[in-house]
Amino acid sequence: MEALQDQTRAHFQHEEQSFHLLEEKEAMLHRLHHKHLLETIQGLYQFIPPNEPIPVHCTMDRLQEIAEWYQSHVLHGDSKLLIRR
Ligand SMILES: [Fe+2]
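Just so we're clear, the structure is a prediction, and the values are computed from it rather than from any experiment.

### Remarks on the overall build of the protein
Of regular secondary structure, the protein possesses three helices and zero strands. Secondary structure elements of the protein occur, N-terminal to C-terminal, as α-α-α. With 85 residues in all, the protein has 2% of them scored as buried. Long-range pairs, those at least 24 residues apart, make up 68% of the contacts in the protein with a sequence separation of at least 6.

Take a look at the structure:
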């Protein structure tokens, strides 16, 4: 799970280098969306004991939430960055 969090954080840091293309309010909102997802991923750790296999029954709803977040965020947030490049 650390890999998901680390890779997501690295991706967001890379993406945020392009935030100068956005209006200030858009950039702030986009950063908040990133922060929310990182907090959601962090929340998964409360269900996963250290060095234990991921208990699927405890995490499926959260993983579904993350998958839906990614889809919505890419379509409605990240796409604005691509259009302005
Ligand atoms: Fe983003």
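### Section: helix H1 (residues 2-15)
The end-to-end C-alpha distance of H1, which contains 14 residues, comes to 20 Å, matching closely the 20 Å that a straight helix rising 1.5 Å per residue would cover. When you tally the buried positions in H1, you get zero out of 14 residues, a small fraction of the element.

### A closer look at the confidence of the model for the protein
In this model, the protein carries an average pLDDT of 86, and 89% of its residues clear a pLDDT of 70 or more. When pLDDT is averaged over each helix and strand of the protein, the minimum, 84, is found for helix H3 (residues 56-84) and the maximum, 92, for helix H2 (residues 24-44).

Conventions we followed
Residues numbered from 1 in each chain as written. Predicted model: local features only at pLDDT ≥ 70, side-chain atom pairs only at ≥ 80, totals over all residues. Helix = DSSP H or I, 4+ residues; strand = E, 2+ residues; numbered from the N terminus. Buried ≥ 20, exposed ≤ 12 C-beta atoms within 10 Å, placed from the backbone. Contact = placed C-beta atoms within 7 Å. Expected span 1.5 Å × (residues − 1). pLDDT = per-residue confidence, 0-100.

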